[in-house]
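What follows is the residue order along each chain.
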Amino acid sequence: MDIFVHFKSVIVEVIAQMGHGELDMSRINAEPPRDKTHGDIATNAAMILCKPLAMKPRDLAQNIAELLQAHADVSSVEVAGPGFININVAPSFWASRFASLVAQKTDFGKPEKNNIKLMVEFTSANPTGPIHIGHVRGTVFGDSLANLLDWAGYDVFREYYVNDAGSQIITLARSAYLRYCEVLGDEINIPEGFYPGDYLVPVGEALVEQYGDKLKQMDESQYIPLVREFVMAAMFEMIKSDLLLLDVKFDNFFSERELHANGAIEQTLGDMRARGLVYQGTLPAPKGQLPDDYEEREQTLFKATDWGDDIDRALIKSDGSFTYFAADLAYHRDKYLRGYKQQIDVLGADHGGYVKRLKAAVRAVSNNDAELDVKICQIVKLLKNDEVQTMSKRAGNFVTLKDLYNEVGKDPIRFMMLYRKNEAPIDFDFDKVTDKSRENPVFYVQYAHARTYSIMRQAKVALDGFDAEQFDFTETDLTLLTDESEINLIKSLLNWPKVALTAAEFHEPHRISFYLFDLAANFHGLWNKGKEMPQLRFIVDDNDALSYARLAMVQAVADVIKVGLGILGVNAPQQMK
RNA sequence: GCCCGCGUAGCUCAGUUGGAUAGAGCAUCGGAUUUCUACUCCGAGGGUCAGGGGUUCGAAUCCUCUCGCGGGCACCA
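Each chain has its residues counted from 1, running along the sequence as written. Lettering of chains starts at A and numbering of ligands starts at 1, both following the order in which they are written. Where totals are concerned, whole chains, interfaces and linings use all residues; where local detail is concerned, this predicted model gives features only for residues with pLDDT of at least 70, and gives and counts side-chain atom pairs only at 80 or more. Excluding hydrogens and water, the side-chain figures rest on all heavy atoms present in the structure.

Q: Pulling in residues and values, what's your account of the overall build of chain A?
A: Secondary structure elements are defined from DSSP: runs of H or I of at least 4 residues count as helices, runs of E of at least 2 residues count as strands, and each element is numbered from the N terminus. Assigned secondary structure in chain A consists of 20 helices and 15 strands. Each principal axis of the C-alpha atoms in chain A carries an extent, and together these give about 85 × 65 × 40 Å. Classification of the 577 residues of chain A by burial places 51% in the buried group. Any two residues whose heavy atoms approach within 4.5 Å at even a single point are treated as in contact. Residue pairs in contact within chain A that sit at least 24 positions apart in sequence constitute 70% of those at least 6 positions apart. In this description, accessible areas are obtained by the Shrake-Rupley approach with a 1.4 Å probe, and a residue is regarded as covered only by the protein chains that are shown. Here chain A displays about 27600 Å² of accessible surface, and carbon together with sulfur accounts for 47% of that area. The buried label goes to any residue with under 20% of its type's maximum accessible area, the exposed label to any with over 50%, and the partly exposed label to all in between, with areas taken from a 1.4 Å probe on protein chains only.

Here you go:
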């Protein structure tokens, strides 16, 4: 159990012992104080309970403190400020917690499976071209969040929603057909609005290989479906192999076209009609710049305002087909019917305006039984030689994931995409992310892990026959670790479960990367101290017992970093190149 | 016009969901170090948390108004 959860229960116990067990203690916390002179754990208990008990907070704090003092896990207690109770934890408690980290290794702090089904939908890029920089952040974020929630015990499913039903697929097919004609010797020019990227050239070649010139003898209505299927399959292979560059694998690719084909949208709308959630009505014209072809008309609307949206949403287009949103309703209903009451959608910054209606959709289709969290990932600004790399989608010169990968590799991409919270924009600097110095957090954290292995390799020589892989660190005397900087490192290690659980709870994987950077700094700092003070080195001459205890600590650093980097999807190397 | 997000040190950003004297990296300044165990180390200065008002024991955090930046705003995907 997380130490803060443990001490909260100790505090609650003590208050019950005082005869106030019936009070509401939900707002009581037990947290690490910002200021280290305030002890290991601070609680606001007295300030929360002073009102119902009609006592002065400091008096109440004093009473609680006296009882806490008697607890075995507490070494000293003091009342401070407006009524905080600051607890210093008994060394024996740290030692026993640390011992369980040493024993549990990479499983330390990992909760039991909770069997809650949870779906993370991410990437969901239109299958009309390669994965590019605009998709990378959401992809890494979604994948790492899924890793994190998996670690936290959820039954996680990763899904990619494929927008294969819209007109852009037809445009894609036409664009591929042009390339096909080009391969057959035609002069082509690619009209505005078509996909100009040269990734369609191989598709054109493959079409020739498959069909020869037969397509040219068909009407458009005949060849388009053929080309569409062909090019979609090709795009999929390309997207999947792009995603593999980042080690991202989906459990399922969900086709929008299926929803149209198998009647799921009609069914969804039928259900909603039966529940009175659909009506014929007219929406007020949007403010600001009106589209040229705007005309006010009566349409089929979803009563989204009943479920928290600002405006009701159209379900059927003027040509009689379903809107994109109608398909989305059916899609999220499908997730719910598959048993996912917890859903997360990861979207790009340009979809911010979509959040409310999606949440309304999930509430409506599940009748408030399911919950959706939408994570919006802000844009990534690419910098090279201090210049912003501009790109234009129209010209097709966007930076692809493959370009990025070829230049810097997987680890810097993944780590840097997670070194900001999702709502904050990222500056991705090509020159810095492969830098080998403290300025580059990717390197700094990976290096800390590599350094633990380096130490173990040296220990093999210094301590005859030692082998970190085989050695049973639970046999070492951990109470020998008493230096302040060692204790600080151990406390940082013991903070891992709280950090990881909080990150999981709030769907914020960036907390992991910041924690790892902090842990690495602690570890490197201790190492550096060993330069000046040989008695603080991990391997101490003529003191094997102390060396083993310190190696247990080094092993714990390795284990925590390995798990943390694993969640981020970043490699934990045994050696830096 | 409306909705969403953001605004924290010179710069880029964290901030344990309401806690005590607001942190880190870079940059700046001041020292140490010359290869010692692996890609330097230690320290200092630097703040009206965009601004006003409110809620309470206590606000960067919650409410409200104002300003600035970004994104979005019938039927497109």
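Structure shown, so let's carry the discussion forward.
Q: Which residues make up the sheet that holds strand E7 (residues 252-255), and what are the values?
A: The strands that make up a sheet pair up through hydrogen bonds in the backbone, lying either parallel or antiparallel. In spatial order, the strands read E7-E6-E5-E11-E12; together these 5 strands make up an open sheet with parallel pairing. A strand with exactly one partner marks an edge of an open sheet, and here the two such strands are E7 and strand E12 (371-377). Neighbour-to-neighbour, the strand axes of this sheet turn through a mean angle of 25°, independent of strand direction. Fitting a line to C-alpha atoms yields each axis, with helices limited to the stretch in contact; the angle taken between N-to-C directions then spans 0 to 180 degrees. With respect to the sheet, helix H12 (residues 355-366) is in contact with strand E11 (342-348) and E12, its orientation differing from that of E12 by roughly 160°. Each pair of strands is called paired provided DSSP finds at least two bridges between the two strands.

Q: So what's going on with the protein's contact with RNA strand B? Which residues, and what values?
A: Lining the immediate surroundings of RNA strand B are 63 residues, of which Glu-31, Asn-86, Tyr-447, Trp-527 and Arg-537 lie closest. Restricting the count to atoms of RNA strand B within 4 Å of the protein gives a sugar and phosphate share of 55%. Polar contacts, as used here, are pairs of N or O atoms within 3.5 Å; protein pairs need one atom able to donate a hydrogen and one able to accept it. Residues neighboring in sequence count only if both atoms are side-chain atoms. Between a phosphate oxygen of RNA strand B and a side-chain N or O atom of Lys-317, the distance comes to 3.3 Å. Here Ala-349 contributes a backbone N or O atom positioned 2.9 Å from a sugar or linking oxygen of RNA strand B. Secondary structure elements with two or more residues in the surface near RNA strand B: helix H2 (45-53), strand E4 (84-89), helix H6 (167-183), helix H16 (441-462) and helix H19 (510-532). Three residue categories are used. Nonpolar comprises Ala, Val, Leu, Ile, Met, Phe, Trp, Tyr, Cys and Pro, charged comprises Asp, Glu, Lys and Arg, and polar comprises the others, including Gly. Here the residues of the surface near RNA strand B are counted per class, giving 22 nonpolar, 18 polar and 23 charged. Residues are labelled near a given molecule or strand when at least one of their non-hydrogen atoms is within 4 Å of it.

Q: Describe the pattern of salt bridges, listing the residues and the values that go with them.
A: A side chain with one charge may pair with a side chain of the opposite charge, provided their charged atoms come close. Definition used for salt bridges: Asp or Glu carboxyl oxygen within 4 Å of a side-chain nitrogen of Lys or Arg. Scanning the model with the defined rule gives 23 salt bridges in all. Among the salt bridges present, the one from Asp-310 reaches Lys-356, with a minimum N-O distance of 3.0 Å. One end of the pair, Asp-310, is in the loop between strand E9 (298-302) and strand E10 (313-314); the other, Lys-356, is in helix H12, with 46 residues separating them in the sequence. Looking at Lys-356, the relative accessible area reads 42%, which means it is partly exposed. Note that Glu-486 and Arg-550 form a salt bridge whose closest N and O atoms lie 2.5 Å from each other. With a gap of 64 residues between them, Glu-486 in helix H17 (residues 484-494) and Arg-550 in helix H20 (residues 544-568) connect regions that are remote in the sequence. The same class applies to Glu-486 and to Arg-550, which are both buried. Salt bridges sharing partners connect three or more residues here, namely Glu-121, Lys-335 and Asp-345.

Q: So what about the confidence of the model for chain A? Which residues, and what values?
A: With 98% of its residues at a pLDDT of at least 70, chain A reaches an overall mean of 91. Both confidence scores are given for the complex: pTM 0.95, ipTM 0.94. Known as pLDDT, the predictor's confidence for each residue is given on a scale from 0 to 100.

Q: How would you explain empty space enclosed by the protein if you had to name every residue and give the values?
A: A cavity here means a set of points on a 1 Å grid, drawn over the protein atoms and nothing else, where a 1.4 Å probe fits but cannot get out; a pocket is an open set with protein on both sides within 12 Å along at least five of seven lines, and a residue lines either one if it has an atom within 4 Å of a point. Grid points are joined across faces, edges and corners, and a volume is the space filled by probe spheres set on the points. Using the criterion set out here, one finds 1 cavity of 30 Å³ or more in the structure. For the largest cavity, the calculated volume is near 40 Å³. Looking at the largest cavity, the residues that line it are Leu-101, Val-102, Lys-105, Phe-473, Ala-552, Gln-555, Ala-556 and Asp-559. Elements represented by at least two residues in the lining of the largest cavity include exactly helix H4 (91-104) and H20. The element best represented in the lining of the largest cavity is H20, accounting for 4 residues. Across the lining of the largest cavity, the residue classes break down as 5 nonpolar, 1 polar and 2 charged.

Q: Just give me the short version of the sheet that holds E4, but keep the residues and values in it.
A: Taken in spatial order, the 4 strands make up an open sheet running E1-E2-E4-E3, and their pairing is antiparallel. Because the sheet does not close on itself, it has two edges, and the strands there are strand E1 (30-31) and strand E3 (74-80). Note that strand E2 (residues 41-43) and E4 share 3 bridges and pair antiparallel. Counterpart to Ala-42 in the pairing with E4 is Asn-86.

Q: Residue-level account of the layout of surface pockets, with values.
A: In this structure, the second largest pocket occupies an estimated 850 Å³ of space. Phe-4, Pro-32, Pro-33, Lys-36 and Asn-495 are the residues nearest the centre of the second largest pocket, which is lined by 23 residues in total. Only helix H1 (3-20), H17, helix H18 (496-505) and H19 provide two or more residues apiece to the lining of the second largest pocket. Tallied by class, residues from the lining of the second largest pocket come to 7 nonpolar, 7 polar and 9 charged. Both domains that meet at the lining of the second largest pocket, namely domain 1 (3-89) and domain 4 (441-568), each give it at least three residues. Note that the domain bounds reflect an automated or database-derived domain assignment.

Q: An account of unusual backbone geometry is needed here, citing residue identities and associated values.
A: Residues apart from glycine generally show negative phi values, whereas peptide bonds are mostly found in trans. At Ala-54, a residue that is not glycine, the phi angle is positive and equals roughly 55°. Residue placement: Ala-54 occurs in the loop between H2 and helix H3 (57-69). Ala-54 gets classed as exposed once you look at its relative accessible area, which sits at 69%. A positive phi angle, close to 50°, is found at Asn-367, a residue other than glycine. For Asn-367, the position within the fold is in the loop between H12 and E12.

Q: Tell me what's going on with the pairing of E11, and back it up with residues and numbers.
A: The buried count for E11 comes to 5 of 7 residues, which makes it a mostly enclosed element. In terms of strand pairing, E11 meets E12 through 7 bridges, oriented parallel. Bridge pairing in E12 places Gly-348 opposite Cys-377. If the strands point away from the viewer and the path from the first strand over the helix to the second runs clockwise, then the crossover is right-handed. Taken together, E11, H12 and E12 constitute a β-α-β crossover, and its handedness is right-handed.

Q: An account of H4 is requested, with residue identities and associated values reported.
A: Between its first and last C-alpha atoms H4 spans 20 Å; for 14 residues at 1.5 Å apiece the expected length is 20 Å, and the two agree. Turning to H4, its buried residues are Phe-93, Trp-94, Arg-97, Phe-98, Ser-100, Leu-101 and Val-102. Where the residues of H4 are buried, they touch H1, E4, H17 and H20. One or two positions beyond H4, positive phi appears at Lys-105, with a value near 50°. Every helix has an expected span of 1.5 Å times one less than the residues it contains.

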